[in-house]
Protein chains: 2
Amino acid sequence: MNFELNILGCGSAKPTTRHQPTSQILNVRGKFFMIDCGEGVQAQMQRMGLSMMSVGHIFISHNHGDHVFGLPGLIGTMDLLGRTAELHIHGPQQVGELLEFLAHTYYSDIQFKVLFHPVDTRKHALVYEDRSITVHSIPLQHRLPTCGYLFREKPNLPHIRREMIDAFGIPVSQINNIKAGASWTAEDGTVIPHERLTTPATPSRSYAYCSDTVYLPELKDIVGGVDLLYHEATYFHERVLRAGQTMHTTAVQAATLARDAGVKKLCIGHFSASIKDENSLLGEAQSIFPNTVLANEGLVISI
Amino acid sequence: MNFELNILGCGSAKPTTRHQPTSQILNVRGKFFMIDCGEGVQAQMQRMGLSMMSVGHIFISHNHGDHVFGLPGLIGTMDLLGRTAELHIHGPQQVGELLEFLAHTYYSDIQFKVLFHPVDTRKHALVYEDRSITVHSIPLQHRLPTCGYLFREKPNLPHIRREMIDAFGIPVSQINNIKAGASWTAEDGTVIPHERLTTPATPSRSYAYCSDTVYLPELKDIVGGVDLLYHEATYFHERVLRAGQTMHTTAVQAATLARDAGVKKLCIGHFSASIKDENSLLGEAQSIFPNTVLANEGLVISI
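These remarks concern the structure in this document. (Residues numbered from 1 in each chain as written. Chains lettered and ligands numbered in written order. Predicted model: local features only at pLDDT ≥ 70, side-chain atom pairs only at ≥ 80, totals over all residues. Heavy atoms only, no water.)

1. Quick notes on the packing of helix H3 (residues 71-80) of chain A against helix H4 (residues 93-105) of chain A
All names here are of chain A.
Here is step 1: Direction vectors running N to C along H3 and H4 enclose 45 degrees, while the axes themselves pass 11 Å from each other. Classified by the angle between their axes, H3 and H4 sit oblique to one another. Like other packed secondary-structure pairs, H3 and H4 cross with a definite hand, here right-handed. Along the contact surface, H3 presents Leu71, Pro72 and Ile75, while H4 presents Val95, Leu98, Leu99 and Leu102. (Axes fitted to C-alpha atoms, helices over the stretch in contact; angles between N-to-C directions. Helix = DSSP H or I, 4+ residues; strand = E, 2+ residues; numbered from the N terminus. Parallel < 35°, antiparallel > 145°, perpendicular 65-115°, else oblique. Left-handed = near helix turned anticlockwise from the far one by under 90°. Contact = heavy atoms within 4.5 Å.)

Structure below.
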């Protein structure tokens with residue numbers, strides 16, 4: 001079952017020929033959760049063969065242009081493509097102003113609803129839930145209200161041992177009960193315990209997105225142990241003062257958080273336009289947290 | 001002296017992997033006049049090596065997203081790049097609403113002025129003039145107020161014949177007077193007429209942009225004889241009814257206008273996403289107006 005991150009853009013605000021502004025898609029079993037929506041997402045999705053119609057929810061970190069200016073065109077294109085399904089957009093209150101303006105000025109007659117769900121960026125709280133996953137906000141600190149998002153699969157059910165089902169002649173109608181924890185009583189009264197009929201569930205997977213933000217060591221409690229952490233790493237550590245002034249993070253800081261939080265893998269992005277040698281940036285991060293990779297347009301990380 | 005058209009995008013509203021939404025830059029002696037500003041212009045300018053800081057004026061045809069959604073990001077990037085020079089944006093009144101929203105919501109503290117100049121799309125009138133060129137609006141008919149733009153170099157001055165200047169010992173200080181039409185009176189009273197001291201001026205060049213619009217045969221009076229006409233050609237002629245319904249033009253219609261207006265060259269663009277074989281579209285146009293070319297991202301046409 002898919003649980004994979006697609007990087008559409010991982011540059012910072014000043015555009016370069018190397019990177020697009022920020023956007024990602026977390027593909028959870030074919031449902032696309034978009035995270036941030038910088039200019040050019042449509043073109044990038046087409047290049048990567050990702051359907052715009054599969055996006056049901058968009059989670060916006062903050063209302064800076066390089067994280068939202070793909071929304072106007074994306075909404076229009078979804079309408080041109082004949083969308084009728086609701087589109088849910090989650091984000092800080094300010095994002096609602098953009099959506100209201102678009103609805104009023106460009107999209108008064110589109111054929112689907114765009115529903116805005118304001119997120120309180122000061123809280124670590126549940127912002128979305130369905131049968132498969134939960135999404136919690138992660139309070140961040142940037143130049144305007146900003147939050148990250150933590151995606152967690154719900155606990156999976158154990159796997160049925162097909163050979164045991166056959167051996168005991170258990171009817172197909174009972175399989176869901178057994179998955180849910182039931183044992184099986186044979187006709188002779190023998191009880192075959194749940195544990196003999198199943199193998200343990202696949203561990204549920206998790207992904208945390210943290211951009212844009214200053215270095216917040218306390219995030220280790222929220223993102224602790226996640227399978228993948230995406231964290232901004234706008235600057236080399238020699239520019240740590242600049243990072244603080246602009247409320248961004250260095251690669252060393254991102255890696256320190258990954259190490260302290262005991263995450264399984266770190267992906268760094270939101271590279272300053274001034275950074276030409278990203279491998280050196282990666283080296284800085286890996287010196288602290290070896291299992292670090294560089295984001296790049298088109299990168300897909302299966303979790 | 002440059003007078004060249006740079007195509008940044010020539011697709012229509014529905015994005016494809018082949019084309020970006022509409023935008024162009026007319027480079028007049030190093031001054032960049034942008035025409036329409038679809039999403040992705042910044043990335044395309046960087047690919048083409050065109051500096052965003054050289055754009056002084058932007059002319060918008062109409063307030064559909066595929067012609068304006070590059071503006072939000074472009075303005076922000078100009079500020080990040082340290083722009084202080086005024087940016088002038090010309091277009092139908094509705095474009096002003098977008099600029100007002102951006103100024104209020106995203107750009108209350110940028111370091112340069114964005115000045116909006118509303119254009120009456122029903123009139124063929126002067127909308128801009130400097131020492132080198134004039135720009136006139138071209139009334140078009142689309143689903144909301146729309147106009148094209150006609151760029152004309154002002155008449156050039158004649159060229160000085162350097163060898164005559166030397167032969168008659170004419171001081172450098174007199175050259176501008178001679179260019180402007182003066183003759184020269186030598187010390188012995190001989191008058192050397194202006195025509196002997198100069199060769200005729202380079203003809204002044206002209207470019208007309210018409211997109212989006214239904215076919216308007218009467219435009220031939222306005223664009224008559226221009227060096228280059230860019231005209232939308234959204235559809236094959238077999239879809240002429242669809243063109244009428246959506247208020248667009250077919251390649252045959254664009255070529256008919258070019259022929260009837262006696263333009264020197266036609267460039268067609270704004271291709272429907274449904275068109276895979278653009279060479280056939282070109283063939284349709286060339287059957288009526290042979291000197292037609294297809295627009296394409298990165299194309300530069302020197303006029």
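2. Some words on the interface of chain B and chain A
Size of an interface, as often reported, equals the accessible area lost when the parts are brought together.
Here is step 1: With 29 residues of chain B at the interface, the matching set in chain A holds 29 residues.
Here is step 2: Contact between chain B and chain A buries roughly 2,300 Å² in total, counting both sides, with carbon and sulfur atoms accounting for 62%.
Here is step 3: Our count for the chain B to chain A interface comes out at zero salt bridges.
Here is step 4: The interface formed by chain B and chain A includes 10 residue pairs in polar contact (both at pLDDT 80 or more).
Here is step 5: Looking at the side of chain B that touches chain A, the elements that each hand over two or more residues are helix H1 (41-48), helix H2 (65-68), helix H3 (71-80) and helix H4 (93-105) of chain B.
Here is step 6: Among the elements that take part in the side of chain B that touches chain A, H4 of chain B stands out by supplying five residues, more than any other.
Here is step 7: For the side of chain B that touches chain A, the residue count by class is 14 nonpolar, 11 polar and four charged. (Buried area = accessible area lost by both parts, 1.4 Å probe. Salt bridge = Lys/Arg side-chain N within 4 Å of Asp/Glu carboxyl O. Polar contact = N/O pair within 3.5 Å; in protein donor to acceptor, adjacent residues only side chain to side chain. Nonpolar A, V, L, I, M, F, W, Y, C, P; charged D, E, K, R; others polar.)

3. A few points about the side chain of Ser211 of chain B
Residue and element names in this part refer to chain B.
Here is step 1: Its place among the elements puts Ser211 in the loop between strand E14 (206-210) and helix H8 (220-223).
Here is step 2: The exposure class assigned to Ser211 is buried, which follows from its relative accessible area of 0%.
Here is step 3: For Ser211, the side chain forms a polar contact with the side chain of Asp212, separated by 2.7 Å.
Here is step 4: Here Ser211 is in contact with Asp36, Ser61, His62, His67, Leu140, Thr146, Cys147, Tyr230, Glu232 and His270, once residues within four sequence places are set aside. (Buried < 20%, exposed > 50% of the residue type's maximum accessible area, 1.4 Å probe, protein only.)

4. Describing the pattern of salt bridges
Here is step 1: Taken as a whole, this structure holds 20 salt bridges over all chains when the rule is applied.
Here is step 2: With a shortest N-O distance of 2.8 Å, Glu153 of chain A and Arg29 of chain A are connected by a salt bridge. One end of the pair, Glu153 of chain A, is in strand E9 (residues 147-153); the other, Arg29 of chain A, is in the loop between strand E2 (23-28) and strand E3 (31-37), and 124 residues separate them in sequence.
Here is step 3: A residue is classified by how much of its surface remains accessible, and Arg29 of chain A, at 33% relative accessible area, is partly exposed.
Here is step 4: Taking the shortest distance from any N to any O, the salt bridge between Asp120 of chain B and Lys123 of chain B comes out at 3.8 Å.
Here is step 5: Owing to a relative accessible area of 28%, Asp120 of chain B belongs among the partly exposed residues under this scheme.

5. Looking at a positive patch on the surface
Here is step 1: Among the surface-exposed residues, Lys14, Arg18, Arg143, Arg239, Arg242 and Lys276 of chain A lie close enough to one another that they form a single positively charged patch.
Here is step 2: In this fold, Lys276 of chain A is placed in the loop between strand E16 (266-269) and helix H11 (278-286). (Patch = residues over 30% accessible without salt bridge, like charges linked within 9 Å, V, L, I, M, F, W, Y side chains within 5 Å. Areas by Shrake-Rupley, 256 points an atom, 1.4 Å probe, with all protein chains shown as cover. Lys, Arg positive; Asp, Glu negative; His and termini not counted. Charge placed at Lys NZ, Arg CZ, Asp CG, Glu CD.)

6. Observations regarding the relation of the copies chain B and chain A
Here is step 1: For the pair chain B and chain A, the best superposition has an RMSD of 0.1 Å and corresponds to a rotation of 180 degrees with a translation of 0.0 Å parallel to the axis. The transformation relating the two chain copies, once decomposed into turn and shift, fits a two-fold axis. Across chain B, the rotation axis passes nearest the C-alpha of Gly40 of chain B, at a separation of 2.8 Å. (Least-squares fit on C-alpha atoms with pLDDT ≥ 70 in both.)

7. Describing the packing of aromatic side chains
Two aromatic rings are characterised by how far apart their centres lie and by the angle between their planes.
Here is step 1: By the definition in use, this model includes 23 aromatic pairs over all chains.
Here is step 2: Ring centres of Phe33 of chain B and Tyr128 of chain B lie 5.7 Å apart, and the angle between their planes is 55 degrees; this geometry places the pair in the tilted category. With a gap of 95 residues between them, Phe33 of chain B in strand E3 (residues 31-37) and Tyr128 of chain B in strand E7 (residues 126-129) connect regions that are remote in the sequence. Neither Phe33 of chain B nor Tyr128 of chain B differs from the other in exposure class; each is buried.
Here is step 3: Between Tyr209 of chain B and Tyr230 of chain B, the ring centres sit 5.4 Å apart and the planes meet at 10 degrees, which makes this aromatic pair stacked. Note that Tyr209 of chain B is positioned in strand E14 and Tyr230 of chain B in strand E15 (residues 228-232), a separation of 21 residues in sequence. Considered together, Tyr209 of chain B and Tyr230 of chain B belong to a single accessibility category, that of buried residues.
Here is step 4: Put simply, the rings of Phe69, Phe101, Tyr106 and Tyr107 of chain A together with Phe69, Phe101, Tyr106 and Tyr107 of chain B touch in pairs and so form one group of aromatic residues.
Here is step 5: Arg83 of chain A extends its terminal NZ or CZ atom over the ring of Phe112 of chain A, reaching a point 5.5 Å from the ring centre. (Phe/Tyr/Trp six-rings, centres within 6.5 Å; stacked < 30°, edge-to-face > 60°. Lys NZ or Arg CZ within 6 Å of the ring centre and 35° of its normal.)

8. Some points on unusual backbone geometry
Here is step 1: A cis amide bond links Ser211 of chain A with the next residue in sequence, Asp212 of chain A, at an omega value of 0 degrees.
Here is step 2: By the secondary structure assignment, Asp212 of chain A is in the loop between strand E14 (206-210) and helix H8 (220-223).

9. Describing the sheet that holds strand E9 (residues 147-153) of chain B
All names here are of chain B.
Here is step 1: Spatially, E7-E8-E9-E14-E15-E16-E17 is the arrangement adopted by the seven strands of the open sheet, whose pairing is mixed. The two strands at the open ends of the sheet, each matched to only one other strand, are E7 and strand E17 (292-294). Across the sheet, the mean angle from the axis of one strand to that of its neighbour is 20 degrees, orientation sign disregarded.
Here is step 2: Pairing analysis gives four bridges linking E14 to E15, with the strands arranged parallel. For Ala208, the partnering residue across the bridge sits in E15 and is Leu229.
Here is step 3: Each of strand E16 (266-269) and E17 touches helix H11 (residues 278-286); the most contacted strand, E17, lies at about 165 degrees to it. (Pairing = 2+ DSSP bridges.)

10. With respect to H1 of chain B
Residue and element names in this part refer to chain B.
Here is step 1: Regarding H1, the residues found buried are Val41, Gln42, Gln44 and Met45. The arc enclosing the buried residues of H1, seen along the axis, measures out at 165 degrees, which places them on a common side.
Here is step 2: Of the surrounding elements, those touching the buried residues of H1 are strand E1 (3-9), strand E2 (23-28), E3, strand E4 (55-59) and H3.
Here is step 3: In the stretch just after H1, Gly49 is the one whose phi turns positive, near 70 degrees. (Arc of directions from axis to C-beta.)

11. Looking at the pairing of E14 of chain A
Each regular strand shows side chains that alternate between the opposite faces of the sheet.
Residues and elements named next belong to chain A.
Here is step 1: Most of E14 sits inside the fold, with five of its five residues counted as buried.
Here is step 2: Across four bridges, the pairing between E9 and E14 is antiparallel. In the strand pairing of E14, Leu150 is matched with Ala208.

12. Here we look at the environment of Gln24 of chain A
Residue and element names in this part refer to chain A.
Here is step 1: By the secondary structure assignment, Gln24 is in strand E2.
Here is step 2: The class for Gln24 is buried, based on a relative accessible area of 0%.
Here is step 3: Along the primary structure Gln24 and Tyr235 are separated by 211 residues, whereas in three dimensions their C-alpha atoms are 20 Å apart.
Here is step 4: Discounting residues that sit within four places of it in the chain, Gln24 has contacts with Leu5, Asn6, Ile7, Leu8, Phe33, Met34, Ile35, Asp36, Tyr207, Tyr209 and Tyr230.

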